[in-house]
Amino acid sequence: MDVESLMRRQENQDLRRQALDAELGIFELRNVGRALGVISPTTKKRSELIDLIMDKIYNTDCTKVKVSKKGRPCKSLTNINEILAKVTGSDIIDSLPTQRRPLKYEDVVVFAQDVPVFSEVDDKADLFSGVIRKTDIIAYLIDTKLGTKIFIAKREMDEFRLNAGDYVEIMASKINSQEEYLATNILKVNGEDIALRRNRIIEAGQPIISMEKLVFGEHEVFCGRRNLIQVKSNIFENDNFVKFANACAQNDYALITLSLNTGFEDRIVFNSISSMLNMTTSYGSGFDEGFNKVIDTIAYAERLLQIGRKCVIFVSDIISLINTLDRCFDESDLLHEHKVKSIVIVQKLISLGKALSNGASVTLIMTYREEDKNDKFIYNELNRVCSKFYE
């Protein structure tokens with residue numbers, strides 16, 4: 001390559017580096033880096049990450065774009081090829097796949113391969129709980145109350161036969177100034193004391209139509225199905241939910257309550273019930289916190305189904321949940337009234353509703369307000385796949 005060509009190539013690289021810096025936020029840069037094979041992009045500073053991306057584009061084969069499905073949730077890029085075309089030029093991405101396919105849950109919930117950094121190890125251990133997220137190199141959880149990140153070593157994962165989706169109560173010690181912790185003792189797994197945990201052999205179940213029912217208010221809702229209830233009152237204004245939670249506990253149903261941007265009074269009721277997993281967020285809380293609650297609920301329910309357990313997911317105000325997820329994403333190409341990624345996540349949640357012949361089941365109960373009855377998602381999606389009730 002002659003000097004003039006080299007200068008022109010360098011000029012093009014400089015322009016495209018500027019485009020990367022101007023067009024993409026830090027979350028998008030991390031996803032581009034991850035897709036191109038940059039190691040631990042979440043630990044890199046912005047300028048360093050851009051340099052590594054440019055190196056991957058020009059000095060390696062960037063046609064092998066891959067999307068990781070494990071680690072911490074990030075905002076996935078569904079149009080990574082279009083972004084690369086904008087910032088690198090068509091000569092770089094001509095060989096990338098151009099065929100579009102429907103967005104999947106695994107495309108939205110993308111995880112990073114983070115590694116714990118030990119800098120300020122503390123001997124003091126605190127109590128935490130959460131749903132395990134497993135990567136190729138490490139496992140961790142986000143504490144359900146504090147949002148703290150706690151790593152779990154492979155030794156503990158193997159010794160106690162832990163897996164992604166297990167809800168654990170653990171003791172953990174602080175390891176760095178980023179408020180990250182390392183588990184030092186496993187206390188409970190899926191509500192069962194670790195010392196009493198049995199090595200169950202679960203027979204694979206076949207899908208069935210369950211005729212079991214639970215009572216919520218005046219309604220008999222079907223177990224192992226999807227139930228949609230139009231409500232007129234808040235949770236705190238009657239004792240329907242408290243009675244329902246007690247019934248779940250008496251009939252050995254693991255109850256998960258999912259409610260985002262929740263009013264103060266309703267949260268008092270939810271916090272008063274110790275027999276359920278409380279996946280609620282307060283009114284005005286961060287959108288990322290709500291996102292974490294939803295994906296942990298999905299993972300936990302899937303895990304309970306795998307180990308032959310019965311569970312109920314109670315979604316208080318499904319439209320508030322979708323609206324909160326909408327705020328997590330920034331999409332210009334919208335196909336629905338709600339954001340496409342929000343719809344994908346909620347569809348994944350809805351798909352969990354089922355019963356199996358081995359006794360395992362996931363029952364979904366979703367409430368909404370009368371003023372939301374014409375919402376396109378309720379009208380087009382939920383009305384079609386749910387049993388409908390009215391308060």
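All residue numbers refer to positions counted from 1 along the written sequence of the respective chain. Thresholds applied to this predicted model are a pLDDT of at least 70 for local features of residues and 80 or more for the giving and counting of side-chain atom pairs; totals over whole chains, interfaces and linings are not thresholded and use all residues. In computing side-chain properties, one takes all heavy atoms of the structure into account and sets aside hydrogens as well as water.

Visitor: So what about the overall build of the protein? Which residues, and what values?
Guide: Only DSSP runs of H or I reaching four residues or more are called helices, and only runs of E reaching two or more are called strands; each is numbered from the N terminus. Along the protein, the regular secondary structure elements total 13 helices and 18 strands. Looking at the protein residue by residue over its 391 residues, the buried ones come to 50%. We call two residues in contact whenever any of their non-hydrogen atoms come within 4.5 Å of each other. Contacts in the protein between residues at least 24 apart in sequence constitute 67% of all its contacts with a sequence separation of at least 6. Residue burial considers only the protein chains on display, and all accessible areas are found by Shrake-Rupley using a 1.4 Å probe. Within the structure as shown, the protein displays about 20,000 Å² of accessible surface, and the carbon and sulfur contribution to it stands at 49%. Categorising residues by exposure relies on relative accessible area from a 1.4 Å probe, with only protein chains included: less than 20% of the type maximum marks a residue as buried, more than 50% marks it as exposed, and the intermediate range marks it as partly exposed.

Visitor: Explain unusual backbone geometry residue by residue, including any values.
Guide: The backbone of arginine 161 shows a phi angle near 55°, a positive value even though the residue is not glycine. Position of arginine 161 among the secondary structure elements: in the loop between α7 (154–159) and β6 (167–174).

Visitor: Tell me what's going on with the packing of helix α11 (residues 318–326) against helix α12 (residues 340–351), and back it up with residues and numbers.
Guide: Put simply, α11 and α12 touch, their axes get as near as 8 Å, and they point 135° apart. Between α11 and α12, the angle is such that the two are oblique. The crossing of α11 and α12 is right-handed. Judged by residue contacts, Ile318, Leu321, Ile322, Leu325 and Asp326 of α11 engage Ser342, Ile345 and Val346 from α12. Side-chain classes follow a simple rule in which Ala, Val, Leu, Ile, Met, Phe, Trp, Tyr, Cys and Pro form the nonpolar group, Asp, Glu, Lys and Arg form the charged group, and the remainder, Gly included, forms the polar group. Grouping the amino acids of the contact of α11 with α12 by side-chain chemistry returns six nonpolar, one polar and one charged. In this description, a line fitted to the C-alpha atoms serves as the axis of each element, helices being fitted only across the stretch in contact, and the angle between N-to-C directions of two axes falls anywhere from 0 to 180 degrees. Orientation categories follow fixed angle ranges, with anything under 35 degrees roughly parallel, anything over 145 roughly antiparallel, 65 to 115 roughly perpendicular, and all other angles oblique. Should the near helix be turned anticlockwise from the far one by less than a right angle, the crossing is termed left-handed; should it be turned clockwise, right-handed.

Visitor: Any details on the packing of aromatic side chains? Residues and values, ideally.
Guide: Classification of ring pairs rests on two measures: the distance between centres of Phe, Tyr or Trp rings, Trp counted by its six-membered ring, which must be within 6.5 Å, and the angle between planes, read as stacked under 30 degrees, edge-to-face over 60 and tilted in between. This model, assessed by the stated rule, comprises eight aromatic pairs. With 6.2 Å between their ring centres and 55° between their planes, tyrosine 140 and phenylalanine 151 make a pair best called tilted. Here phenylalanine 151 lies in strand β5 (residues 149–152) and tyrosine 140 lies in strand β4 (residues 139–142), a separation of 11 residues in the sequence. Taken as a pair, tyrosine 140 and phenylalanine 151 share a single burial class, namely buried. The structure contains a cluster of three or more aromatic residues connected by ring pairs, namely Phe216, Phe241, Phe244, Phe270 and Phe314. The ring of tyrosine 140 has lysine 149 sitting right over it, with the charged end atom 4.4 Å from the ring centre. The positively charged end of lysine 310 is found above the aromatic ring belonging to tyrosine 253, 4.2 Å away from the centroid. Ring-over charges, as used throughout, are those where CZ of Arg or NZ of Lys falls within 6 Å of the ring centre and within 35 degrees of the ring normal.

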